[in-house]
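Structural overview for review
The primary structure of each chain is shown beneath.
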Amino acid sequence: MPGLLRGVARTAVVAGTATAVSNRVSRRQAGRWAQQEQAQSAYAAPPPAAAPPPPAVAPSMDDKIAQLKDLGELKAQGVLTEAEFEAQKSRILNS
């Protein structure tokens with residue numbers, strides 16, 4: 001009987017230790033997930049930026065030509081794609 005009691009006691013200790021470790025791991029994971037959610041929510045929805053005020057005076061033709069030259073250089077360097085170039089060019093010409 002003492003051997004049986006010792007075996008039962010050992011099983012209880014092992015089971016209790018396993019439960020304690022499992023609970024601790026679960027709490028730590030929950031804490032990490034909460035921190036990740038807070039970090040993501042802080043960066044997920046930045047406040048909307050205010051629209052820039054419209055220019056008081058329309059840009060002169062010299063300004064437009066300078067902007068188009070800069071735009072052409074960016075396209076030649078490979079910074080802009082053809083579609084981006086065309087979109088910006090039309091924006092400059094229509095302003």
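Computed from a predicted model, the values in this text were never measured in an experiment.

Tallying secondary structure elements over the protein chain gives three helices and zero strands in all. Tracing the protein chain from N to C terminus, the helices and strands come up as α-α-α. Looking at the 95 residues of the protein chain, the share that counts as buried comes to 5%.

This next bit is on the packing of helix α2 (residues 61-77) against helix α3 (residues 82-94). Their axes nearest at 10 Å, the elements α2 and α3 cross at an angle of 175 degrees. On the basis of their axis angle, the class for α2 and α3 is roughly antiparallel. Here Lys-64, Gln-67, Leu-68, Leu-71, Gly-72 and Lys-75 of α2 lie close against α3, whose contacting residues are Glu-82, Phe-85, Gln-88, Lys-89, Ile-92 and Leu-93. Each residue belonging to the contact of α2 with α3 can be placed in one class, and the counts come to five nonpolar, three polar and four charged.

What counts, and where the lines are drawn
Residues numbered from 1 in each chain as written. Predicted model: local features only at pLDDT ≥ 70, side-chain atom pairs only at ≥ 80, totals over all residues. Heavy atoms only, no water. Helix = DSSP H or I, 4+ residues; strand = E, 2+ residues; numbered from the N terminus. Buried < 20%, exposed > 50% of the residue type's maximum accessible area, 1.4 Å probe, protein only. Axes fitted to C-alpha atoms, helices over the stretch in contact; angles between N-to-C directions. Parallel < 35°, antiparallel > 145°, perpendicular 65-115°, else oblique. Contact = heavy atoms within 4.5 Å. Nonpolar A, V, L, I, M, F, W, Y, C, P; charged D, E, K, R; others polar.

Function cannot be read off these values alone, since they describe shape.
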